[in-house]
Amino acid sequence: MQYKRSSELFLEASQFIPGGVNSPVRAFKSVGGTPLFMKRAEGPYIWDEDGTKYVDYINSWGPAILGHTDPIVLDAIKQQADSGFSFGTPTELETTIAKLIVENVCNVDQIRMVSSGTEACMSAVRLARGYTGRDKIIKFEGCYHGHSDSFLIKAGSGAATFGNPNSPGVTKGTAQDTLLSQYNDIDQVRSLFVEYPEQIAAVIIEPVAGNMGCVLPQNDFLKQLRSLCDEHGTLLIFDEVMTGFRLDFSGAQKVYEVAADLVTYGKVIGGGLPVGAFAGRAPIMDALAPKGAVYQAGTLSGNPLAMRAGLTTLQLILSDPLFYSALARTTQVLDETVSSLLNEKGIQHTVNRQGSMMSVFFGVDQVENFYQATLANHQMFNKFFHHLLSKGIYLPPSGYETWFISRAIGEEELDKTYNAVRSFEP
Ligand SMILES: *Cc1c(COP(=O)(O)O)cnc(C)c1O
């Protein structure tokens, strides 16, 4: 039996770890079956405990943009470990990575490191509230900004997949301060500003959404948000935990030519180690402790091992002027080929794609917001997922997630993927 050892390990894990996993979307609950327990990854491949090799389109949910276990990053981590892996003091390394980011990312004067994307978004919203003296925020249905209380209102990712986007444990008071709009609906945002004058501290958005499947901002949605925020003295927060250093080194800010007031990072920034960050212009960042009054801290923030992995990953990206165009090209070819194979089979679908992010939605022709994402044929996605898995292709285990294409994916892996799609029977 395939997945034999994974099944046994999952059974055992479920005894000691809630639901058998340390993050819900790993559990395969939406696609069904047993989550694969992985033991090794290298380049475009990941190996499960039964020894089966898969082409990896999850890539640790984004961080492994260079492919897994890049030898240069690996070497840098080993060398850093030899000098110590946690000091709880400032290190030169933290300034080196901060400087590299500030000098190469638009609209960012200062950056503060944390240990996850959740922390980054939670802290950015607190800073926006402290800076503006206002309580409310606007978020978009289907967007995911980590699991901090304010964001678990109509949230994406696992929360969408498992049908509990409004989590128990979030107080009414907190929920009241999170206002909701449909993605790509500027009129709805405008009416929230009218309804809550001078009360909205920030609008937080995934500038390309990746947690309801991949959903792109339409027309001038982001630019219109920018104008509304300016008009109302509200900060615009781009959650670039997924898009940062992935769509471009400057992320969606650069791709869509819209300047955010605060930007959050995660995933790629740590090169596979736990790192998040939030950044912005100096007058806003100055409000943070110890300089300002808005408190934020972290025992392992700026951890040397994590900083070394992140710094080396970012340096490798910067050293290749064709990095992003090559990734985008691979993803475009993947999109177009998978699409034409599905068309040959008469399977209705649509693909959303930007840079090295893409999602296939079955049974629909257009997905521009969360509601439309729910109308897709998720049962067919689940079947597609399991078929590809059985052919050695590892997709995210939910139709509400984005596929991440890494630099390591080449002709051979693409061909293997096309062959798997070719034999798909809906
Ligand atoms: C993954 C993600 C987060 C949360 O990051 P964690 O490191 O999992 O806490 C926040 N926002 C977006 C857009 C994400 O994709």
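Residues numbered from 1 in each chain as written. Predicted model: local features only at pLDDT ≥ 70, side-chain atom pairs only at ≥ 80, totals over all residues. Heavy atoms only, no water.

*Asks:* Any details on the overall build of the protein chain? Residues and values, ideally.
*Replies:* When you go through the protein chain residue by residue, the secondary structure sums to 15 helices and 14 strands. Against the 2.2 N^0.38 benchmark of 22 Å for 426 residues, the protein chain shows a C-alpha radius of gyration of 21 Å, consistent with a compact globule. Over its C-alpha atoms, taken along the principal directions, the protein chain stretches across nearly 60 × 55 × 45 Å. For the protein chain, with 426 residues in total, the buried portion stands at 57%. Summarising the internal contacts of the protein chain: among those between residues at least 6 apart in sequence, 71% fall at separations of at least 24. Working note: accessible area of the protein chain is about 17600 Å², and carbon and sulfur atoms make up 50% of it. Separation between the mean location of the 34 positive side-chain charges and that of the 45 negative ones in the protein chain comes to 3 Å. (Helix = DSSP H or I, 4+ residues; strand = E, 2+ residues; numbered from the N terminus. Rg over C-alpha atoms; globule rule 2.2 N^0.38 Å. Buried < 20%, exposed > 50% of the residue type's maximum accessible area, 1.4 Å probe, protein only. Contact = heavy atoms within 4.5 Å. Areas by Shrake-Rupley, 256 points an atom, 1.4 Å probe, with all protein chains shown as cover. Lys, Arg positive; Asp, Glu negative; His and termini not counted. Charge placed at Lys NZ, Arg CZ, Asp CG, Glu CD.)

*Asks:* Describe the sheet that holds strand 6 (residues 178-181), naming the residues involved and giving the relevant values.
*Replies:* Each strand in a sheet pairs with its neighbour through backbone hydrogen bonds, running either in the same direction (parallel) or in the opposite one (antiparallel). Strand order in this open sheet of seven strands is 4-10-9-8-7-5-6, and the pairing throughout is mixed. Unpaired on one side and paired on the other, strand 4 (110-114) and strand 6 mark the two borders of the sheet. The average angle at which neighbouring strand axes cross in this sheet is 20°, direction not considered. Where strand 8 (residues 235-239) lies against strand 9 (residues 262-265), three bridges are found, and the strand directions are parallel. Among the inter-strand pairings, Ile 237 is bridged to a residue of strand 9, identified as Leu 262. (Pairing = 2+ DSSP bridges. Axes fitted to C-alpha atoms, helices over the stretch in contact; angles between N-to-C directions.)

*Asks:* Which residues make up the domain arrangement of the protein chain, and what are the values?
*Replies:* On domain assignment, one finds that the protein chain holds domain 1 (4-69 + 321-422) and domain 2 (71-318). Counting residues at the interface gives 34 residues for domain 1, matched by 39 residues for domain 2. Overall, the association of domain 1 and domain 2 removes approximately 3000 Å² of surface from exposure, summing both partners, and the carbon and sulfur fraction of that is 65%. Our count for the contact surface shared by domain 1 and domain 2 stands at zero salt bridges. Applying the counting criterion to the domain 1 and domain 2 interface returns eleven residue pairs in polar contact (both at pLDDT 80 or more). Elements with a minimum of two residues in the side of domain 1 that touches domain 2: helix 12 (323-344), strand 11 (349-354), strand 12 (357-362) and helix 13 (370-374). Counting residues per element, the side of domain 1 that touches domain 2 draws most heavily on strand 12, which supplies four residues. Looking at the side of domain 1 that touches domain 2 residue by residue, the classes come out as 18 nonpolar, twelve polar and four charged. (Domains from an automatic or database assignment. Buried area = accessible area lost by both parts, 1.4 Å probe. Salt bridge = Lys/Arg side-chain N within 4 Å of Asp/Glu carboxyl O. Polar contact = N/O pair within 3.5 Å; in protein donor to acceptor, adjacent residues only side chain to side chain. Nonpolar A, V, L, I, M, F, W, Y, C, P; charged D, E, K, R; others polar.)

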